[in-house]
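Residues per chain are reported as follows:
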Amino acid sequence: MQVKKLNRSIYRRSVSKSNSVPKMKSIEFVKDNMKLFLAGGRVLLVPLVKFPDIRVLNSTQRKKYHIAGGFSLDFEDSDEVYHINELLGIENN
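Now for a quick tour of the structure. (Residues numbered from 1 in each chain as written. Predicted model: local features only at pLDDT ≥ 70, side-chain atom pairs only at ≥ 80, totals over all residues. Heavy atoms only, no water.)

## Description of the side chain of Ser72
Consideration 1: Take Ser72: it is sitting in strand β5 (residues 72-75).
Consideration 2: Classification of Ser72 by relative accessible area gives buried; the value is 18%.
Consideration 3: Setting aside its immediate chain neighbours within four residues, Ser72 contacts Met24, His66, Ile67, Val81, Tyr82 and His83. (Helix = DSSP H or I, 4+ residues; strand = E, 2+ residues; numbered from the N terminus. Buried < 20%, exposed > 50% of the residue type's maximum accessible area, 1.4 Å probe, protein only. Contact = heavy atoms within 4.5 Å.)

## Structural notes on the nonpolar core
Consideration 1: Met24, Met34, Leu36, Ile54, Leu73 and Leu87 are the most contacted members of the largest nonpolar core, which totals 16 residues.
Consideration 2: Secondary-structure elements contributing two or more residues to this core are β1 (24-30), β2 (33-38), β5 and α4 (84-88).
Consideration 3: No other element matches β2, which puts 3 residues into this core.
Consideration 4: Other than its neighbours up to four places away in sequence, Leu87 contacts Met24, Met34, Leu36, Val46, Phe51, Leu73 and Tyr82. (Core = buried A, V, L, I, M, F, W, Y, C linked by side-chain atoms within 4.5 Å.)

## Thoughts on the sheet that holds β2
Consideration 1: Strand order across the open sheet formed by 3 strands is β1-β2-β3, with antiparallel pairing between neighbours. Two strands close off the open sheet at either side, each with one partner strand: β1 and β3 (43-47). Ignoring which end each strand starts from, the neighbouring axes of this sheet average 25 degrees apart.
Consideration 2: Relative to β3, β2 runs antiparallel, the two sharing 5 bridges. Bridging from a neighbouring strand, Asn33 pairs with Pro47 of β3. (Pairing = 2+ DSSP bridges. Axes fitted to C-alpha atoms, helices over the stretch in contact; angles between N-to-C directions.)

Structure below.
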């Protein structure tokens, strides 16, 4: 039986792409959803029913947000900090 060697550079590229987490650029609110504008041009709608602490903020409070490094989101009038994985519904193991 002949065994082929693994091309590690190809393996590293495929692993890094599959494990990459998108970065947030900005957010907007539309009705009962939060629009996440991601690096690379994607836009995702996140239902606010899943995030009651954000849902109770009024429109002025929702405009006072901060995105740190593209991975976390917080609001001036809230003590909660949300990671991009949490907003996307991805479990952290």
